[in-house]
Amino acid sequence: MAVPKRKMSKARRDSRRANWKLTAPGLVECPQCHEMKMPHRVCPECGYYNGKQVIAKDAE
């Protein structure tokens with residue numbers, strides 16, 4: 001069975017365990033409706049991508 005030769009310090013142990021933090025997704029403003037959306041994806045509010053309507057949304 002594998003046994004460590006030296007005691008691992010608390011700082012080294014804790015830094016190894018501290019990889020769970022997540023970053024917020026990058027958001028950009030939609031040029032048509034000015035809502036925030038994920039980059040390189042169809043806008044869920046208006047259905048536009050790259051200046052063209054690709055998903056038909058009913059007008060409110």
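Everything below is about the structure printed above this text.
1. Structural notes on the overall build of the protein chain
The secondary structure content of the protein chain amounts to 1 helix and 4 strands. Secondary structure elements of the protein chain, listed N to C terminal, follow the sequence α-β-β-β-β. Rg of the C-alpha trace for the protein chain: 23 Å, well past the compact-globule value of 10 Å for 60 residues, more than 25% over. Taking the principal axes of the C-alpha coordinates as reference, the protein chain spans close to 70 × 25 × 20 Å. Within the span of the protein chain, comprising 60 residues, buried residues form 8% of the whole. Once local pairs closer than 6 in sequence are excluded, the contacts in the protein chain between residues at least 24 apart make up 0%. Total accessible area on the protein chain is roughly 6,000 Å²; 54% of this is exposed by carbon and sulfur atoms.

2. What about unusual backbone geometry?
Although it is not a glycine, H34 adopts a positive phi angle of roughly 60°. On the secondary structure map, H34 appears in the loop between β1 (28-29) and β2 (36-37). Although it is not a glycine, H40 sits at a positive phi angle of roughly 65°. Among the structural elements, H40 can be located in the loop between β2 and β3 (48-49).

3. Structural notes on the side chain of K37
Looking at the element boundaries, K37 is found in strand β2. Of the buried charged residues, K37 lacks a salt bridge, with E29 as the closest side chain of opposite charge at 11 Å. A polar atom in the side chain of K37 sits 3.1 Å from the backbone oxygen of R41. Discounting chain neighbours no more than four positions away, the residues touching K37 are G26, L27, V28, C30, C43 and P44.

4. Concerning a nonpolar patch on the surface
Together, V42, Y49, V54 and I55 make up a nonpolar patch on the protein surface, roughly 310 Å² of accessible area in all. With respect to the helices, strands and loops of the structure, Y49 is situated in strand β3. For Y49, a relative accessible area of 35% gives the class partly exposed.

5. Examining the pattern of salt bridges
Applying the stated criterion across every chain yields a total of 1 salt bridge. The partner of R13 in a salt bridge is D14, with the nearest N and O atoms 3.0 Å apart.

Thresholds applied
All chains use their own residue numbering, which begins from 1 and follows the written sequence. Reporting of local features is limited, given that this is a predicted model, to residues whose pLDDT is at least 70; pairs of side-chain atoms are given and counted only at 80 or more, and all residues count toward the totals for whole chains, interfaces and linings. Side-chain descriptors were evaluated using all non-hydrogen atoms of the structure, hydrogens and water having been removed beforehand. Numbering of helices and strands runs from the N terminus, with a helix taken as a DSSP run of H or I at least four residues long and a strand as a DSSP run of E at least two residues long. Put simply, the radius of gyration uses C-alpha atoms, and a globule should come to 2.2 Å times the residue count raised to 0.38. Whether a residue is buried, partly exposed or exposed follows from its accessible area with a 1.4 Å probe, protein chains only, as a fraction of its type maximum: under 20%, in between, or over 50%, in that order. Note on contacts: a residue pair is in contact if any heavy atoms of the two residues lie within 4.5 Å. Accessible surface area values rest on a Shrake-Rupley calculation with a 1.4 Å probe, where residue burial reflects the displayed protein chains alone. Positive charges come from Lys and Arg, negative ones from Asp and Glu, while His and the chain ends are left out of the count. Each reported salt bridge corresponds to a side-chain nitrogen of Lys or Arg within 4 Å of a carboxyl oxygen of Asp or Glu. Any pair of nitrogen or oxygen atoms within 3.5 Å is treated as a polar contact; in protein, a donor-acceptor pairing is required on top of that, and neighbouring residues in sequence qualify only through side-chain atoms on both sides. Any residue with relative accessible area above 30% and no salt bridge may belong to a patch, with like charges joined within 9 Å and the nonpolar Val, Leu, Ile, Met, Phe, Trp and Tyr side chains within 5 Å.

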